[in-house]
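Structural overview for review
Listed here are the chains, written in short residue letters.
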Amino acid sequence: MMGQDVDVKAWLAPVQTAYDQLLFEGGEGALLVLFEGYRPDAVRMMAHHLGARLIDFRAEYMLPIGVYGASLPLERMRAVMDDVSSDADGGPDTKRRGIVFHNAEALLATRDQQIRATWMAQIIAARLKQPVVIPLAVFANEAPPPGARVVVIDGQKLPAEKMLMRLAAR
């Protein structure tokens, strides 16, 4: 049953395996991690487990510019992914450990299905300046098929959402 004494390492094992392989290959690419539903708590757990910096694209890059956030080009996400920071949040190990790029779907939602699918295929094929993990839930069904760069999370293995998170989602 979902959430009963869930081992964090168990649900993250496929992500860790794909991430380790990405690092072994030089760490210059992206992984799509597909969730059954929007789980920001699980995304935070994933970033912590991987030792990666969490970047919330919607909060950090779209919300500050208000209604103009929806008009950002998709290339802006790639530029942020390639911007290796050594600030207090990321530290000098950011390039080695990479980032978890949360809420990419906020900008993807402003584009049609074909553009989203093309972007997803291109980003997992791209050579980036650091390892990037991109969690998806809303458009997970539009992602390329599971493989080395596309990991599906088994929702039955996820810890239960906290009541506060469920209420906030309403």
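Residues numbered from 1 in each chain as written. Predicted model: local features only at pLDDT ≥ 70, side-chain atom pairs only at ≥ 80, totals over all residues. Heavy atoms only, no water.

**A word on the sheet that holds strand 1 (residues 30-34)**
As summarised here, the arrangement of the five strands in space is 2-3-4-1-5, forming an open sheet in which the pairing is parallel. The two strands at the open ends of the sheet, each matched to only one other strand, are strand 2 (53-56) and strand 5 (150-152). If you compare each strand with its neighbour and ignore which way they point, the axes differ by 25 degrees on average. In the sheet, strand 3 (residues 99-102) pairs with strand 4 (residues 132-136) via two bridges, with the strands oriented parallel. Residue isoleucine 99 lies in a different strand from strand 4, and its bridge partner there is valine 132. Across the sheet, helix 1 (residues 8-24) touches strand 1, strand 4 and strand 5, and the angle it forms with strand 1 is around 170 degrees. (Pairing = 2+ DSSP bridges. Helix = DSSP H or I, 4+ residues; strand = E, 2+ residues; numbered from the N terminus. Axes fitted to C-alpha atoms, helices over the stretch in contact; angles between N-to-C directions. Contact = heavy atoms within 4.5 Å.)

**Focus on the nonpolar core**
Counting 29 residues, the largest nonpolar core has Leu32, Met77, Met81, Phe101, Trp119, Ile123 and Ile134 as the members making the most contacts within it. Secondary structure elements with two or more residues in this core: strand 1, helix 3 (57-62), helix 4 (75-82), strand 3, helix 6 (105-108), helix 7 (113-125) and strand 4. When residues of this core are assigned to their parent elements, the largest contribution, four residues, is made by helix 7. Discounting residues that sit within four places of it in the chain, leucine 32 has contacts with Met120, Ile123, Ile124, Ile134, Leu136, Ala143, Pro144, Arg149, Val150 and Val151. Residues Trp11, Ala18, Val33 and Leu158 belong to the second largest nonpolar core, which totals 21 residues. (Core = buried A, V, L, I, M, F, W, Y, C linked by side-chain atoms within 4.5 Å. Buried < 20%, exposed > 50% of the residue type's maximum accessible area, 1.4 Å probe, protein only.)

**Thoughts on the packing of aromatic side chains**
Evaluated as defined, the whole model comprises three aromatic pairs. Aromatic pair phenylalanine 57 and tyrosine 61: ring centres 5.5 Å apart, planes at 20 degrees, arrangement stacked. Of this pair, phenylalanine 57 and tyrosine 61 both sit in helix 3, four residues apart, roughly one helical turn. When the centroid spacing of 5.4 Å and the interplanar angle of 35 degrees are considered together, the rings of phenylalanine 57 and phenylalanine 101 count as tilted. (Phe/Tyr/Trp six-rings, centres within 6.5 Å; stacked < 30°, edge-to-face > 60°.)

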